[in-house]
Amino acid sequence: MRIGAFGVAGVVVAAAGAGWAVYAKLSGNITPDEAAAAELARYEKERPTSLVKDARNILLIGSDSREGDDNARYGRDSGTERSDTTILLHLSAGRGSATAVSLPRDLMVNLPGCRRPDGSRSAPRFTMFNQAFQLGGSACTIRTVEKLTDIRVDNHVVVDFHGFKKMVDAVDGVEVCLREPIDDRAAKLRLPAGRVTLDGEQALGYVRARKTLGDGSDTERMERQQRFLAALVNKVRSNDVLLNPVKLYPVLDAATSSLTTDPDLASLRGLYELVRGLRDIPMERVQFLTVPRESYAYDANRDQLVEPEAERLFERLRTDTPVAVAGDVPRGSAPLRPTDSHDGSYGDSHPGPFTKPAVTVSPPPTFRGNTAAEDTCE
């Protein structure tokens, strides 16, 4: 799943010291998404342009494909796959922050006409977001996100169930904090309350479980996925794996073999160039949030964007302008602090002719979310 994709950023940065044979083997693990590159090139003129030099937007796609022996255990292979969840990762131009925005799979959106796997083309339609991946793979998903947000997607990464589990096992598990015990038969998951280290299989059940955890909503599931992703980033950053060759190789092997990426990222060098600046981002500046959403007006089981909050978030990402996250923002909305403004006063009841106007500079808007620095047990 896409959770493992973000974790790659914490491990490939240490590959520079690997021998050429190892380098070539690891680079060969990555599958280049040539078909998506060709399809996106076909529609280049209608795609958004990047507004800020060196800022990067990467779409992380978690595939629910059941293809292959290891993935088949999670359900019947119908010959199609959907994006289990999708995250738009924004890296600031100076690499001072990373913001990961979850896009709900049940979000109602306008899908463009897309090239199907058999070469035919679908008609534009209004439907659930995760059908974009089923209809036209990563290219259709990228074009849908770009039309929805007007944000240029520079790179993309696709990870399936098996790849996600390998990433977690390669770092010897990831610790999470459970406020109450979990007994989910569908996810084959039984865990005690408190701090628990999840292996790959348990982690997959944890991030995919929905009906028996919390209120059963996809929104809460996305928040759980974000907290897990923060814990994974922390594990990779804090563990000695990056300095220990014995631990490093299996992590790099798992990370690279689990990925399908755009051709620019389909090498160890490409990944290294992307993530080399991430090592210095403070954990409190690695942020996770869900796009402002609410129940769709015509179907409570579907989602729609909350406006104008969603567009304000997209605008700030387009322009590489900071946002902030907090866990106590009311669910279903993203109250924004006032924008920078001039209040019309002059700081004096009887201002003189040369008195400068008072200007109020507000902090960035706050959205519901968390950072990688937070400890959910505290």
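The structure this text deals with has already been given above.
Remember, it's a predicted structure, so these values are computed and weren't measured experimentally. (Residues numbered from 1 in each chain as written. Predicted model: local features only at pLDDT ≥ 70, side-chain atom pairs only at ≥ 80, totals over all residues. Heavy atoms only, no water.)

Draft legend 1. The side chain of D33, seen in detail. Structurally, D33 is set in the loop between strand 1 (31-32) and helix 3 (34-42). We note that D33 is buried and unpaired, the nearest opposite charge coming from R115 at a distance of 9.5 Å. Among the polar contacts made by the side chain of D33, one reaches the main-chain amide nitrogen of A36 at a distance of 3.3 Å. At 2.5 Å, the side chain of D33 forms a polar contact with the side chain of S138. Ignoring anything within four residues of it in the chain, the contact list for D33 reads S138, H156, T260, T261, D262 and P263. (Helix = DSSP H or I, 4+ residues; strand = E, 2+ residues; numbered from the N terminus. Buried < 20%, exposed > 50% of the residue type's maximum accessible area, 1.4 Å probe, protein only. Lys, Arg positive; Asp, Glu negative; His and termini not counted. Salt bridge = Lys/Arg side-chain N within 4 Å of Asp/Glu carboxyl O. Polar contact = N/O pair within 3.5 Å; in protein donor to acceptor, adjacent residues only side chain to side chain. Contact = heavy atoms within 4.5 Å.)

Draft legend 2. Structural view of the pairing of strand 14 (residues 293-296). Across four bridges, strand 14 lies against strand 15 (residues 299-305) in antiparallel orientation. Following the sheet pairing, Y296 is matched in strand 15 by D299. If you look at the hairpin formed by strand 14 and strand 15, you'll find two residues sitting between the two strands. (Pairing = 2+ DSSP bridges.)

Draft legend 3. Here's a closer look at the state of the cysteines. Using the criterion set out here, one finds one disulfide in the structure. Disulfide pairing is shown between C114 and C140; the S-S distance is 2.1 Å. Residues C114 and C140 are joined through a disulfide that is right-handed, its torsion about the S-S bond being 70 degrees. Of the two residues, C114 sits in the loop between strand 5 (108-111) and strand 6 (125-128) while C140 sits in helix 5 (residues 131-149), which places them 26 residues apart along the sequence. There is no split in this pair, since C114 and C140 are both buried. (Disulfide = S-S within 2.5 Å.)

Draft legend 4. Quick look at the environment of K53. By the element assignment, K53 lies in the loop between helix 3 and strand 2 (56-63). Among the residues examined, K53 registers a relative accessible area of 71% and is labelled exposed. Along the sequence, K53 and A93 sit 40 residues apart, while their C-alpha atoms lie 6.7 Å from each other.

Draft legend 5. Quick look at the side chain of N29. Residue placement: N29 occurs in helix 2 (residues 20-29). Engagement of the side chain of N29 in a polar contact is seen with the side chain of T256, the distance being 3.0 Å. Excluding anything up to four places from it in sequence, N29 contacts D253, T256, S257 and L259.

Draft legend 6. Broad picture of the environment of A132. Mapping A132 onto the fold places it in helix 5. A132 sits in the buried class, given a relative accessible area of 0%. Between the C-alpha atoms of A132 and I142, which are ten residues apart in sequence, the distance is 8.7 Å. If near-sequence neighbours (up to four positions away) are discounted, A132 is found in contact with L111, G137, C140, T141 and T144.

Draft legend 7. Geometry of the pattern of salt bridges. Throughout the structure, instances matching the rule amount to twelve salt bridges. A salt bridge links E44 to R152; the nearest nitrogen and oxygen atoms lie 2.9 Å apart. Taken as a pair, E44 in the loop between helix 3 and strand 2 and R152 in the loop between helix 5 and strand 7 (155-159) lie far apart in primary sequence, 108 residues in all. A relative accessible area of 18% means that R152 is categorised as buried. A salt bridge links E146 to R47, with the shortest nitrogen-to-oxygen separation between them at 2.7 Å. Here E146, found in helix 5, pairs with R47, found in the loop between helix 3 and strand 2; they are 99 residues apart in sequence, far enough to count as distant. Comparing E146 with R47, the two get one shared label, buried. Within the structure, one salt-bridge network assembled from shared partners comprises E44, R47, E146 and R152.

Draft legend 8. Highlighting the environment of V286. If you trace the backbone, V286 turns up in strand 13 (residues 286-290). Classification of V286 by relative accessible area gives buried; the value is 4%. In the structure, V286 is positioned 186 residues away from A100 in sequence and 7.9 Å away in space, judged by C-alpha atoms.

Draft legend 9. Layout of unusual backbone geometry. Following E307, the chain continues to P308 via a peptide bond in cis, the omega torsion being 10 degrees. Even without a glycine there, the phi angle at D54 is positive, about 75 degrees. Checked against the element boundaries, D54 lands in the loop between helix 3 and strand 2. Backbone geometry places D320, a non-glycine residue, at a positive phi of 60 degrees. Examined against the element boundaries, D320 turns out to sit in the loop between helix 11 (309-318) and strand 16 (324-326).

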